[in-house]
Amino acid sequence: MNTSGVTLRLLDKADKEILKLPRTAKGAFFDFQHRFKANPYTTGLKLQQLKGDSRLWSARVSADYRALLLRLADNDWLIVSVKDRKDVYDRLSYGVNHITGGIEYVDLEVVEESVLRRLHPAPPPPAAAPEPVKPQELFADWSDTQLSDLGVAEPLLPVIRTLTTEDQLLGLIEYAPQLTGEVLLALFDGKSFDEVLDQVTTPVAATEPVDTEDFQAAAQRPATVVTTSDEALREALEGGDFGRWKVFLHPTQAKLVERRYSGPARVGGGPGTGKTIVALHRVRHLVRQLPPGRDKPVLLTTYNKNLAADLRSRLLELGGEELVARVDVSHVDQLALRTVREAEPGSSKQAIDDSQAVREWRALLDELGEDGWDPEFLHDEWTQVILGQAVATRADYFRARRAGRGRSITRAERAEIWQLAERFAQRLDRLGRQTWDQVAERAARLEVGREQRILSIARQREEAGGLDNVHLQDGSGGWLRYRYRHIVVDEAQDLRPAHWKMLRAMAPREADDLFLVGDTHQRIYKNQVTLGSLGINIRGRSSKLSLSYRTTRQILRSALDVLGETSYDDLDGSEETLAGYRSVLSGRPPAGHSFPDWAQEREGIAALIMQWDDNPELRIPHEQIAICVPTNAMAAEVGYTLGLHGIRPVEIRADGPHGDGGVHIGTMFRFKGLEYQRMIIAGVTDGLVPRDAVNRLRSSDPVRFRHEMQRARSLLFVAATRARDSVDIFWHGTPSPFLGRRLLTPDE
């Protein structure tokens, strides 16, 4: 425990330096922080002010290493670096950024060395050759004033003026303050000054005037990403990627986590931008605001069981049992089923998924001798229109809106569909089955009814004297209350309309009631909703994350090509874009691999993995390699081929990997929410991606064709953005039309 009243903080990026230290030096650092907080002036620490500097000090970590610290106030210290005692200490720069108000630290010696390491000298010209042309400076088109206005660290401006290659730029960014790196890369990638100002700088700008001499105030701002506790520091240094996420949030993320919202709020952003991390930190923030208790007033939910299990595990890592004890973590269908069974305890119907439901539709049509209807069309009509709008009667169905359904139908056809839908519901009832859409619709009706009773009793009590409406007695003498105070939803783009109606009714319509994160570019199911029409108003409370922490810029560019010019909604009737979506990571471009047939393609996949295994520089654990394919049958065939070559396959199922220590294989749907060092996307062939059945809709149902094409693009986009380091695309015959120029000719 810190009894001396000394605060010791660690600046973001200093932890990355510490991670590179030898194991003994790391141990010495943990010991150092304890001793420093007990008494900074202990003789063994050799705390001393650097010559000619009023604020920068050094202290002894071990015989070979020194900590550099900024003294923010008498007993408030910030570690900005850990250096070898032999290093140069006279070119260190620090200050408060005039845009963000955050503390920034730069070692100019290290930055310049990093840039020079990446300088590729040209061969000497022939004797008779003219004088070589001076290479073009990367940032010659922007003045120092413009770069400064975007938040670039001013001490780095002279170095920035020497940059002429992308490699040199990446060398500078490795050691530059975070905002400087983001701004320079955005400009390098072709963004205009105004676009960078709007997408990169403004979201992290301080909301109040900045005093660049007030370091203590600067240390409290989100732009100064620091940690202070021993436990948090150990997490950052030993917990891997998620360990850092538990401690260091980007200033944009921290603002979203801690903000008070007057109603439902939504956070969007592309893959790898930390939306799930924001959701988890938001849950912890909300729990910290709760009064003491043993109930679970916060719900954390998502679309499927596998993701819900992962969320619970991460929440446990983030805050331990004390945090999880106040949160109900449940996938949304499980929540709906629980709600229905609570109201109907005698029901024992088996819930079936969409593919099983389509098979039942097909069986019904076969039994009736009906060949004029497509079972998938009928299933979508039933789920999206009849169940989605809670249509209860034939007359209501005649009046129901079918926006976005594509194919128009006559009144006579509506009558026929209604009769088929009734027979389908009767068939499921007879078989003791129900679809998840039916469960969700029933749960929504139950919860809306419950909310109406709560509001009715509240009005009565208010009229009788304004009594509290939290604990309300229902007609049976029990207590009637909202199930939750706060609801946080991950992967929000995949929920059904009935899910949203249910969730809206489960929490009072107050500040901080619903917090949604998701990206409609990753919508791989058919659930398209407009939240406003379902009673969830997010207008004015939508934000976007745009910095990807997972994948490289090269993979990102290729993945964005997959989406093409297709437009995506924002869950509220407007268009969603990935403007500003970027990464500061760099790697090799995705590689394309063409084969004449599927058998040779599978052999090519095995050969590539064996090539990696044979090269010590490329070899990685097999569980960090994933192969995704369009169908379950293809997954089984790839697994069989790998087995013949001594490579262990591990199947990815709905509840995650089944086995350890092998290459993960599954359909594209299975990889939602997962990430790997290397992704192999196989079978990316025309007729498989997208399926032939989708292409046949082009003339018969153009609107449905557009929706299915968008979904197929999103599926490939999700697959490509699971990768951290590399993506390899395999196809046989004619490649998918979704593969852009960068994927078909990656060496350009």
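Residues numbered from 1 in each chain as written. Predicted model: local features only at pLDDT ≥ 70, side-chain atom pairs only at ≥ 80, totals over all residues. Heavy atoms only, no water.

## Quick look at the packing of aromatic side chains
Applied cut-off: Note on aromatic contacts: the rings of Phe and Tyr and the six-membered ring of Trp form a pair at centre separations within 6.5 Å, being stacked when their planes are under 30 degrees apart, edge-to-face when over 60 apart, and tilted otherwise. Labels follow the DSSP assignment, with helices taken as runs of H or I lasting at least four residues and strands as runs of E lasting at least two, numbered in each case from the N terminus.
Under the definition given, this model contains 14 aromatic pairs. Relative to tryptophan 77, the ring of phenylalanine 36 has its centre 5.5 Å away and its plane inclined at 85°; by these criteria the two rings are edge-to-face. Within this pair, whereas phenylalanine 36 is found in helix H2 (residues 23-38), its partner tryptophan 77 is found in strand S5 (residues 76-84), the two being separated by 41 residues in sequence. Ring centres 5.5 Å apart and planes at 90° place the aromatic pair tryptophan 57 and tryptophan 77 in the edge-to-face group.

## Quick word on the nonpolar core
Short version of the rule: The term nonpolar core refers to a set of buried residues drawn from Ala, Val, Leu, Ile, Met, Phe, Trp, Tyr and Cys, joined through side-chain atoms within 4.5 Å. Three exposure classes are used, based on accessible area relative to the maximum for each residue type with a 1.4 Å probe and protein chains only: buried under 20%, partly exposed in between, and exposed over 50%. By definition in these notes, contact holds between two residues if any of their heavy atoms fall within 4.5 Å.
Judged by nonpolar contacts, the single largest core of 37 residues is most densely connected at Met668, Ile681 and Leu716. If you list the elements that add at least two residues to this core, you get helix H22 (553-563), strand S24 (625-629), strand S28 (676-681), helix H27 (702-720) and strand S29 (723-732). Take this core: its biggest share by element is nine residues, from H27. With near-sequence residues (within four places) excluded, methionine 668 lies in contact with Cys628, Val629, Ile681, Val689, Leu715, Leu716 and Ala719. Formed by 31 residues, the second largest nonpolar core is a distinct cluster that contains Val332, Leu337, Ala444 and Tyr484.

## Here we look at the confidence of the model for the protein
Rules: pLDDT expresses how confident the predictor is about each individual residue, on a scale running from 0 to 100.
Residues with a pLDDT of 70 or more make up 90% of the protein, whose mean pLDDT is 87. Between the elements of the protein, mean pLDDT differs from a low of 48, seen in strand S14 (residues 472-473), to a high of 98, seen in strand S16 (residues 486-489). Counting interchain partners and residues more than four positions distant, the pLDDT-below-50 stretch residues 469-478 has 21 contacts.

## Points about H27
Spelled out, the test is: Expected helix span is computed as 1.5 Å times (number of residues minus one).
The end-to-end C-alpha separation of H27 is 27 Å, in line with the 27 Å expected for 19 residues at 1.5 Å each. Most of H27 sits inside the fold, with 15 of its 19 residues counted as buried.

## Topic: the pattern of salt bridges
Stated precisely, the cut-off is as follows: We define a salt bridge as a side-chain nitrogen of Lys or Arg found within 4 Å of a carboxyl oxygen belonging to Asp or Glu.
Counted under the stated rule, the structure contains 38 salt bridges. Measuring nitrogen to oxygen at the nearest pair gives 2.5 Å for the salt bridge that ties aspartate 107 to lysine 83. Here the residue aspartate 107 occupies a position in strand S7 (residues 103-107), and lysine 83 occupies one in strand S5, the gap between them amounting to 24 residues. Using a relative accessible area of 8% as the deciding quantity, one classes aspartate 107 as buried. Where glutamate 491 meets lysine 672, a salt bridge forms, and the shortest distance between an N and an O atom there is 3.5 Å. Here lysine 672 lies in the loop between strand S27 (663-667) and S28 and glutamate 491 lies in the loop between S16 and helix H21 (497-506), a separation of 181 residues in the sequence. Like glutamate 491, the residue lysine 672 is buried in the burial classification. If you follow the salt bridges from partner to partner, you end up with Glu166, Asp189, Arg553 and Arg557 in one network.

## A few points about helix H16 (residues 354-368)
Basically, it comes down to this: This arc is taken over the directions from the axis of the helix to the C-beta atoms.
Taking 1.5 Å per residue, 15 residues should reach 21 Å; H16 reaches 21 Å between its end C-alpha atoms and fits that length. Of all the positions in H16, only Ala357, Val358, Glu360, Trp361, Leu364 and Leu365 are classed as buried. End-on, the buried residues of H16 take up no more than an arc of 160°, which puts them together on one face. When the buried face of H16 is taken as reference, the exposed residues oriented beyond 90 degrees from it are Asp366 and Glu367.

## Quick word on the packing of helix H12 (residues 251-258) against helix H13 (residues 275-288)
Two quantities define a packed helix pair, namely the angle between the axes and the distance from one axis to the other. Keep this limit in mind: Lines fitted to C-alpha atoms define the axes, with helix axes restricted to the stretch in contact, and inter-axis angles between N-to-C directions lie between 0 and 180 degrees. When an angle is under 35 degrees it counts as roughly parallel; over 145 it counts as roughly antiparallel; between 65 and 115 it counts as roughly perpendicular; any other value is oblique. Left-handed describes a crossing whose near helix is turned anticlockwise from the far helix through less than a right angle; right-handed describes the clockwise counterpart. Note on residue categories: nonpolar means Ala, Val, Leu, Ile, Met, Phe, Trp, Tyr, Cys or Pro, charged means Asp, Glu, Lys or Arg, and polar means any other residue, Gly included.
At a minimum axis separation of 8 Å, H12 and H13 run at an interaxial angle of 40°. Classified by the angle between their axes, H12 and H13 sit oblique to one another. Pair H12 / H13 crosses with right-handed handedness. Between H12 and H13, the residues in contact are Gln253, Leu256, Val257 and Glu258 and Val278, His281, Arg282 and His285, respectively. Its residues assigned to classes, the contact of H12 with H13 comprises three nonpolar, three polar and two charged.

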